[in-house]
Amino acid sequence: MASAADEGVTPSPPWSTDTDSLETLRRQLRGFAAAREWDQFHTPRNLALAMVGEVGEVCELFQWKAETRPGLPDWSERERLRLGEELSDVLMYLVRLADKCDIDLPAAVKRKLERNDEKYPADRVRGSSKKYSEYESAHTAPEE
Ligand SMILES: Nc1ccn([C@H]2C[C@H](O)[C@@H](COP(=O)(O)OP(=O)(O)OP(=O)(O)O)O2)c(=O)n1
């Protein structure tokens, strides 16, 4: 089985996020909305609702299907294309929502990765899906 390093993933700190691609997307979505005078509709509440609606569309694609393996080998190209579209909608509304709420998403993700690493140290939780509070000496979430 390929190790984490073989797959180019980052198994341990320091964590970072690709600020450039999120920032580029944030700017593109700003421009897209501005060109259509949609800023007036892109309120935090509307964007949150729109994002959840798109999450529902993602889930709908999995609905009533048998469990499938990672990579979706038994899905058609058409279904995979559709899933890519719906995931993109979720991402776009998410980035737009963060922007309209003045949340620095790359910084927030980096911070959350660090907190997750503290709550779920790899050596301790490897191979288990238990929540951090279920471990024996219940670890409490770090202070804000
Ligand atoms: N007021 C709007 C309307 C749309 N979009 C953008 C964000 C999404 O990426 C996409 C959502 O478009 P639709 O509401 O048409 O939804 P779908 O693309 O999912 O189409 P359908 O509902 O037919 O599957 O368009 C937006 O930013 N603001």
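Just so you know, these numbers come straight off a predicted model, no measurement behind them.

Let's hear about the layout of surface pockets: which residues, and what values?
Estimates place the volume of the largest pocket at around 200 Å³. Around the largest pocket, the lining residues are L29, F32, A33, W38, H42, D89, M92, Y93 and R96. For the lining of the largest pocket, the elements supplying multiple residues, two or more each, are α1 (19-35) and α3 (77-100). By residue number, the principal contributor to the lining of the largest pocket is α3, which donates four residues.

Quick one: what's the story with unusual backbone geometry, residue by residue and with numbers?
Phi is positive for W64, close to 70 degrees, though the residue is something other than glycine. With respect to the helices, strands and loops of the structure, W64 is situated in the loop between α2 (44-62) and α3.

Describe the nonpolar core, naming the residues involved and giving the relevant values.
Within the largest apolar cluster, nine residues are counted, these being L47, M51, V58, L61, L72, W75, L83, V90 and L97. When residues of this core are traced back to their parent elements, those giving at least two are α2 and α3. Counting residues in each nonpolar core, the second largest holds five residues, with L25, L29, V95 and L105 among its members.

Tell me about the site of the ligand, and name the residues and values.
The immediate surroundings of the ligand are formed by W38, H42, E54, E57, R82, E86, D89, M92 and Y93. One nitrogen or oxygen atom from the side chain of D89 is found 2.6 Å from an oxygen atom belonging to the ligand. Residue Y93 places a side-chain N or O atom 3.3 Å away from a nitrogen atom belonging to the ligand. Starting from 580 Å² of accessible surface for the ligand in isolation, the protein chains cover 52%.

Tell me about α2, residues and numbers included.
Along its 19 residues, α2 runs 28 Å from first to last C-alpha, staying within 8% of the 27 Å computed at 1.5 Å per residue. Buried within α2 are the following residues: L47, M51, E54, V58 and L61. Mapping the buried residues of α2 onto a view down its axis gives an arc of 70 degrees, with all of them on the same face. Opposite the buried face of α2, at more than 90 degrees from it, the exposed residues are R45, L49 and V52. Close packing links the buried residues of α2 with α3. In the segment just after α2, W64 is the residue with positive phi, at about 70 degrees.

Criteria and thresholds
Sequence order as written defines the numbering, with residues in each chain counted from 1. Side-chain atom pairs in this predicted model are given and counted only at pLDDT of 80 or more, local residue features only at pLDDT of at least 70, and totals for whole chains, interfaces and linings cover all residues. Each side-chain value is worked out from all heavy atoms of the structure, with water and hydrogens disregarded. A 1.4 Å probe that fits into a set of points on a 1 Å grid over the protein atoms alone but cannot get out defines a cavity; an open set with protein on both sides within 12 Å along at least five of seven lines defines a pocket, and lining residues are those with an atom within 4 Å of a point. Grid points are joined across faces, edges and corners, and a volume is the space filled by probe spheres set on the points. Helix numbering and strand numbering both begin at the N terminus, where a helix is a DSSP run of H or I of at least 4 residues and a strand a DSSP run of E of at least 2. In this description, a nonpolar core means a group of buried Ala, Val, Leu, Ile, Met, Phe, Trp, Tyr and Cys residues linked to one another through side-chain atoms lying within 4.5 Å. Under the scheme applied here, a residue whose accessible area is under 20% of the maximum for its type counts as buried, over 50% as exposed, and between as partly exposed, the area being computed with a 1.4 Å probe on protein chains only. Any residue with a non-hydrogen atom lying within 4 Å of a molecule or strand is treated as near it. We define a polar contact as two N or O atoms separated by no more than 3.5 Å, with the added condition that, inside protein, one atom must be a possible hydrogen donor and the other a possible acceptor, whereas residues neighbouring each other in sequence contribute only through side-chain atom pairs. Residue exposure ignores everything except the shown protein chains as possible cover, and the areas themselves are Shrake-Rupley values with a 1.4 Å probe. Helix span, expected: 1.5 Å multiplied by one less than the number of residues in the helix. Taken from the helix axis, the directions to the C-beta atoms give the arc we talk about. Residues count as neighbours in contact if any of their non-hydrogen atoms are within 4.5 Å of one another.

Function cannot be read off these values alone, since they describe shape.
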